[in-house]
Amino acid sequence: MADAFDHCGEMLREGDKDRFLATLFAPPKYRRALFALYAFNLEVARTRELAREPMPGEIRLQWWREVLSGIGRGDIDAHPVAAAIRDVVVRYRLPPKALADLIDARTFDLYDEPMADVAYLERYAMHTSSVLVELAARILREGRDPDIGPLAGHAGLAYAISGLLRALPVHAARGQIYLPADLMQRYGAQTADILAGRATGEIRAVLAELRLRARHHLGAMQPLLAAAAPETLPALLPIALVKPALDRMERRGYAPFAPSELPQWRRQWILWRAARTRLRKAF
């Protein structure tokens, strides 16, 4: 089991550096459990990348559902992430439904159907991003209800929207559309332009609207932070990276379909400062 948690940490270091770094600000006794939770999320999130086709992807997601339900114990023990997350679910009393909802939401990733509307996008973000904040906070509270539902909701929405905007070049190249269809229609943006990587004025208007929504959720977090238990802070630290990412997207010359990430040294510094100031300077 020790090797399983070590595997999760290394996997996270390579595949989700921001959450890996944020976890280093958690008390040592909780880091391995957080590594397992985030590695599980990474495994599920990259299902399309690994499976390549919808049907193998559906099978892979079903296997993760069975991991949580306890089916196929031998296969689970042989998979380090599965073994680790099962241990964490039991030890910290993580709600199985929350994890199952996360898996179900990722079914959207397997297909090239457009995101129907803003409401659908926010439900997707709540089940894939907000829930992760809440589960991490529960681990940091020794399995007790962290009582940060609204705060986790806004935090996850801001983080997810920012992440989808940063991933636009990757999604467009794969034929995926995460921009809500109702916003596309409102501004007259064309799917063909997204798939071709053409940053038209209409597409830029949709992206600007989504950035405004992400900033709204950041603002809604602020009055809620003071009431959050101090030990839940490491679960919220990745949110400190949202505003700098949004600011970068609003610079002159921003190219939506070109990769644009904050330098690694700057992301580490932002997380360090956010930890020292308890996120007060993150927005």
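This structure is a prediction, so every number in the text was calculated from the model and none was measured.

Q: Which residues make up a nonpolar patch on the surface, and what values do they have?
A: Residues Leu24, Phe25, Trp265, Trp269 and Trp272 make up a contiguous nonpolar surface patch of about 560 Å² in total accessible area. Structurally, Trp272 can be placed in helix α17 (residues 264–276). With a relative accessible area of 40%, Trp272 lands in the partly exposed category.

Q: Could you give an account of the packing of helix α9 (residues 118–140) against helix α10 (residues 149–166), with specific residues and numbers?
A: As a packed pair, α9 and α10 sit with axes 7 Å apart at the nearest point and diverge in direction by 115 degrees. Here α9 and α10 pass one another in a crossing that is right-handed. Contacts from Leu121, Glu122, Ala125, Met126, Ser129, Ser130, Val133 and Glu134 in α9 reach Gly149, Ala152, Gly153, Gly156, Leu157, Tyr159, Ala160 and Leu164 in α10. When its residues are assigned to classes, the contact of α9 with α10 shows nine nonpolar, five polar and two charged.

Q: So what's going on with the packing of aromatic side chains? Which residues, and what values?
A: Within the structure shown, the criterion is met by eight aromatic pairs. Seen from their ring centres, Phe20 and Phe35 are 5.5 Å apart, and the 10 degrees between their planes marks the pair as stacked. Here Phe35 lies in helix α3 (residues 28–45) and Phe20 lies in helix α2 (residues 17–23), a separation of 15 residues in the sequence. Ring geometry for Phe108 against Tyr178: centres 5.4 Å apart, planes inclined by 65 degrees, an arrangement best described as edge-to-face. Placement of the pair is Phe108 in the loop between α8 (96–105) and α9 and Tyr178 in the loop between α11 (168–174) and α12 (181–187), with a sequence separation of 70 residues. For the pair Phe108 and Tyr178, one class covers both residues: buried. Put simply, the rings of Phe108, Tyr120, Tyr124 and Tyr178 touch in pairs and so form one group of aromatic residues.

Q: Lay out the side chain of Arg141 with the relevant residues and their values.
A: Assignment of secondary structure puts Arg141 in the loop between α9 and α10. Within the structure, the side chain of Arg141 is placed 2.7 Å from the side chain of Glu231, a separation counted as a polar contact. Discounting chain neighbours no more than four positions away, the residues touching Arg141 are Pro146, Ala229, Glu231 and Thr232.

Q: Please give an account of the nonpolar core that cites residues and values.
A: If you look at the biggest cluster of nonpolar residues, it comprises 95 residues, and the most contacted ones within it are Leu37, Phe40, Trp64, Leu94, Ile139 and Ile194. Discounting residues that sit within four places of it in the chain, Leu37 has contacts with Ile85, Leu94, Leu99, Leu132, Leu135, Ala136 and Ile139.

Q: I'd like a rundown of the side chain of Asn41, residues and numbers included.
A: Residue position: Asn41 is located in helix α3. Asn41 has contacts with Arg19, Leu102, Arg106, Thr128 and Leu132, leaving out every residue within four places of it along the chain.

Q: Quick rundown of the pattern of salt bridges? Include the residues and the values.
A: Considering all chains together, one arrives at 21 salt bridges under this definition. Close ionic contact of Arg32 with Asp6 constitutes a salt bridge, the shortest N to O distance being 3.0 Å. A residue pair is termed long-range when its members are at least 10 positions apart, and Arg32 in helix α3 and Asp6 in helix α1 (residues 2–15) qualify at 26 residues. Residue Arg32 is classed as partly exposed on the basis of its relative accessible area of 34%. Assessed through its relative accessible area of 41%, Asp6 is described here as partly exposed. Between Arg211 and Glu250 there is a salt bridge, with its nearest N and O atoms 3.1 Å apart. With Arg211 in helix α14 (residues 201–225) and Glu250 in the loop between α16 (242–249) and α17, the pair connects residues that are 39 residues apart, well separated along the chain. A network of salt bridges, in which partner residues are shared, links Arg211, Arg215, Lys243, Asp247 and Glu250.

Q: With reference to specific residues and values, describe the packing of α3 against helix α7 (residues 80–91).
A: With their axes 9 Å apart at the nearest point, α3 and α7 run at an angle of 125 degrees to one another. Here α3 lies oblique to α7, going by the angle between them. Between α3 and α7 lies a crossing of left-handed hand. Contact with α3, carried on its side by Ala33, Ala36, Leu37, Ala39, Phe40 and Glu43, involves Val81, Ala84, Ile85 and Val88 of α7 and no other residues of that element. Here the contact of α3 with α7 is composed, by residue class, of nine nonpolar, no polar and one charged.

What counts, and at which threshold
Residues numbered from 1 in each chain as written. Predicted model: local features only at pLDDT ≥ 70, side-chain atom pairs only at ≥ 80, totals over all residues. Heavy atoms only, no water. Patch = residues over 30% accessible without salt bridge, like charges linked within 9 Å, V, L, I, M, F, W, Y side chains within 5 Å. Areas by Shrake-Rupley, 256 points an atom, 1.4 Å probe, with all protein chains shown as cover. Salt bridge = Lys/Arg side-chain N within 4 Å of Asp/Glu carboxyl O. Helix = DSSP H or I, 4+ residues; strand = E, 2+ residues; numbered from the N terminus. Buried < 20%, exposed > 50% of the residue type's maximum accessible area, 1.4 Å probe, protein only. Axes fitted to C-alpha atoms, helices over the stretch in contact; angles between N-to-C directions. Left-handed = near helix turned anticlockwise from the far one by under 90°. Contact = heavy atoms within 4.5 Å. Nonpolar A, V, L, I, M, F, W, Y, C, P; charged D, E, K, R; others polar. Phe/Tyr/Trp six-rings, centres within 6.5 Å; stacked < 30°, edge-to-face > 60°. Polar contact = N/O pair within 3.5 Å; in protein donor to acceptor, adjacent residues only side chain to side chain. Core = buried A, V, L, I, M, F, W, Y, C linked by side-chain atoms within 4.5 Å. Parallel < 35°, antiparallel > 145°, perpendicular 65-115°, else oblique.

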